[in-house]
Amino acid sequence: MNFVLAMRLLIEREKRSCSWSKMVLAGWVGLVALLAPGAVLAESRTALVVGNGAYQDAPLKNPANDAHDMAAKLRELGFQVIERLDADRQTLRLALREFEQQLRQRRGVGLFYYAGHGVQLKGQNYLIPIGADIHQEFEVPDEGVDADIVLRAMESAGNELNIVILDACRNNPFTRGFGGSRGLARMEGPAGTFIAYATAPGAVSQDGASRNSPYTRHLLAAMSMPGLSLEQVFKQVLVAVEQESGGGQIPWVASSLRGEFYFAPASASASASASASASASASASASASASAAPTPAGSQPGASPAAESTPVATVPPAASGAAAQPPSAPPESDWVAVPGADFAISRYTVSLDAYRRFAEASGRTAPPASGAMSDGPVRVTWREAMDYAAWLSARTGKVYRLPAELEWEYAARAGVMAAAPDSDEQVREWTCSEYRREYEGQEQRCASRLPEAVAIRGGNWRAGADPLSDDLEFRLVREP
């Protein structure tokens with residue numbers, strides 16, 4: 001039934017453009033895509049994991065466990081892993097060389113994880129290999145391994161996205177008497193680099209009394225949660241470690257990423273819709289801002305957009321026994337099942353009162369009221385709207401997200417949406433889709449990376465908006 005409805009929309013548009021042959025071809029391609037199980041091809045993933053704990057003078061209990069468990073988790077997540085435990089200087093340097101060679105061949109995503117002792121000396125970080133014989137400050141560069149060599153290896157390989165994770169800020173006997181700073185210094189990587197520290201620069205982290213350090217233990221748990229973006233994974237870790245340590249250890253990140261990365265996709269079912277939408281190539285000219293919007297062509301309106309673009313909670317989910325429909329979710333009476341589609345959409349845009357609950361739970365600042373009523377519609381950036389939906393999904397166990405542009409169009413044609421009571425007449429609403437002047441299939445799915453322009457809708461027009469714009473409303477879709 002959903003496919004039939006989608007084809008009716010397609011036929012209506014193609015009749016207007018007098019391009020019947022293009023419509024027939026696109027219809028058959030769309031049918032094949034809908035019947036075939038979809039698969040989103042993952043990028044190549046390569047990791048070097050090192051755990052050093054068997055130091056003669058200052059042994060550490062957890063790094064070998066941390067590295068072994070991290071390597072296993074990364075393999076589970078599709079990484080090709082080079083694993084080295086208790087590596088001396090030569091072993092570590094050879095492993096870095098092998099890592100660079102594999103990155104150069106495979107490209108994609110590179111990840112370096114290190115657990116063990118590290119030293120900051122005059123603003124430079126050094127990883128301490130097993131067997132290091134350090135008695136004086138001047139010996140550190142010769143006995144240690146410059147942490148910047150990791151960044152240089154990644155830059156030399158030429159891949160686009162690099163992740164460096166350093167659980168190496170433990171209380172370090174190698175620096176006693178040096179008169180230098182504790183912990184590690186902040187590092188600057190090339191564009192496309194994400195660097196994560198177990199604690200803030202200059203601070204010391206805990207090795208922990210259990211199998212893993214607190215940082216790595218919470219990191220392993222967050223990496224296992226489907227749908228979390230890279231930034232959200234480390235936000236989860238920050239919250240958990242800070243809470244466990246009573247504020248004594250606060251993880252730190254430095255990022256120059258241009259897009260999004262996900263360790264694990266949100267769901268397998270979402271991949272099918274992404275594959276189907278990518279195959280729909282029959283597109284017609286789309287109007288510019290404030291012009292009439294034609295009906296998008298392609299897949300069924302009820303199909304779930306690519307869920308890897310819909311991040312899940314940046315705060316821990318509610319405890320078991322919490323209400324399935326918290327006050328931050330629109331009341332059940334506000335949800336409307338779109339006829340012939342596999343989703344429900346909120347009748348009104350999200351209110352400021354509902355968004356404030358999310359802001360309080362996640363430590364954010366809610367925007368001021370935009371109308372006469374304090375509970376009028378909230379206006380936020382695209383990222384804030386996406387994060388609200390992700391948080392609500394984690395709170396309730398249900399799947400909430402922004403509508404794809406095709407879904408917004410379909411719901412508008414069905415007449416099931418209304419403006420909020422305190423909303424302006426000229427409402428502009430976020431969708432989760434990238435904006436392009438031509439329909440090329442992007443209107444059927446959520447953007448998998450931060451787009452340069454996001455498709456926004458209102459009335460019978462479509463346009464593109466900067467995702468950093470903070471003056472747009474949004475409503476939610478709820479999947480079955």
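What counts, and where the lines are drawn
Residues numbered from 1 in each chain as written. Predicted model: local features only at pLDDT ≥ 70, side-chain atom pairs only at ≥ 80, totals over all residues. Heavy atoms only, no water. Salt bridge = Lys/Arg side-chain N within 4 Å of Asp/Glu carboxyl O. Helix = DSSP H or I, 4+ residues; strand = E, 2+ residues; numbered from the N terminus. Buried < 20%, exposed > 50% of the residue type's maximum accessible area, 1.4 Å probe, protein only. Pairing = 2+ DSSP bridges. Polar contact = N/O pair within 3.5 Å; in protein donor to acceptor, adjacent residues only side chain to side chain. Contact = heavy atoms within 4.5 Å. Disulfide = S-S within 2.5 Å. Axes fitted to C-alpha atoms, helices over the stretch in contact; angles between N-to-C directions. Parallel < 35°, antiparallel > 145°, perpendicular 65-115°, else oblique. Left-handed = near helix turned anticlockwise from the far one by under 90°. Nonpolar A, V, L, I, M, F, W, Y, C, P; charged D, E, K, R; others polar. Core = buried A, V, L, I, M, F, W, Y, C linked by side-chain atoms within 4.5 Å.

- As named in an unreviewed UniProt entry, the protein chain is Caspase family p20 domain-containing protein, taken from Candidatus Competibacter phosphatis.

**Concerning the pattern of salt bridges**
Pairing is possible between side chains that carry opposite charge, provided their charged atoms lie close to one another.
So, step 1. Scanning the model with the defined rule gives 20 salt bridges in all.
So, step 2. Residues Glu429 and Arg475 are paired through a salt bridge, measuring 2.7 Å at the closest nitrogen-oxygen approach. One end of the pair, Glu429, is in strand β13 (residues 429–434); the other, Arg475, is in the loop between β15 (461–465) and β16 (477–478), and 46 residues separate them in sequence.
So, step 3. A relative accessible area of 3% places Glu429 in the buried class.
So, step 4. Residue classification places Arg475 among the buried positions, given a relative accessible area of 2%.
So, step 5. One connected set of salt bridges, linked through shared partners, spans Glu405, Glu409, Arg413, Arg457 and Arg462.

**Considerations on the sheet that holds strand β4 (residues 118–121)**
So, step 1. Taken in spatial order, the three strands of this open sheet run β4-β5-β6, and their pairing is antiparallel. Looking at the sheet topology across the chains shown, the edges are occupied by β4 and β6 (145–146).

**Brief notes about the side chain of His117**
So, step 1. Relative to the assigned elements, His117 resides in the loop between β3 (109–115) and β4.
So, step 2. Among the polar contacts made by the side chain of His117, one reaches the main-chain carbonyl oxygen of Ala58 at a distance of 3.1 Å.

**A look at helix α7 (residues 214–223)**
So, step 1. Taken across its ten residues, α7 has eight buried, putting it largely inside the fold.
So, step 2. In this structure, the buried side of α7 is in contact with α3 (63–76), β3, β7 (161–167), β8 (193–197) and α8 (230–244).

**Brief notes about the state of the cysteines**
So, step 1. Counting across every chain of the model gives one disulfide.
So, step 2. Here Cys432 connects covalently by a disulfide to Cys446, the sulfurs 2.1 Å from one another. With the S-S dihedral at roughly -75 degrees, the linkage between Cys432 and Cys446 falls on the left-handed side. Here Cys432, found in strand β13, pairs with Cys446, found in the loop between β13 and β14 (454–458); they are 14 residues apart in sequence, far enough to count as distant. There is no split in this pair, since Cys432 and Cys446 are both buried.

**Examining the packing of α7 against α8**
So, step 1. Two elements in contact, α7 and α8, have axes whose closest approach is 9 Å; the angle formed by their N-to-C orientations is 140 degrees. One finds that α7 runs oblique with respect to α8. Seen from above, α7 lies across α8 with right-handed handedness. Touching Pro214, Tyr215, Arg217, His218, Leu219, Ala222 and Met223 of α7 are Val233, Phe234, Gln236, Val237, Ala240, Val241 and Glu244, all from α8.
So, step 2. The class makeup of the residues in the contact of α7 with α8 is ten nonpolar, two polar and two charged.

**What to know about the pairing of β4**
So, step 1. Because side chains alternate across β4, one face comprises the buried residues Gly118 and Gln120, and the other comprises Val119 and Leu121, equally buried.
So, step 2. Sheet topology places β4 next to strand β5 (residues 124–127); four bridges connect them, and they run antiparallel. Within β5, the position partnered with Val119 by the bridge is Tyr126.

**Remarks on the nonpolar core**
So, step 1. With 35 residues, the main nonpolar core has Leu48, Phe112, Tyr114, Val164 and Leu166 as its most contacted residues.
So, step 2. Ranked by size, the runner-up nonpolar core spans 34 residues in total, among them Ala71, Ile163, Ala222 and Val233.

**What to know about the sheet that holds β15**
So, step 1. The sheet built from three strands is open, its strands ordered β13-β14-β15 with antiparallel pairing. Two strands close off the open sheet at either side, each with one partner strand: β13 and β15. In this sheet, adjacent strand axes meet at a mean angle of 35 degrees when their direction is disregarded.
So, step 2. Relative to β15, β14 runs antiparallel, the two being bridged by five bridges. Its bridge partner lying in β15, Gly458 is registered against Trp461.
So, step 3. On the sheet, helix α11 (residues 382–396) packs against β13 and β14 and is oriented at approximately 90 degrees with respect to β13.

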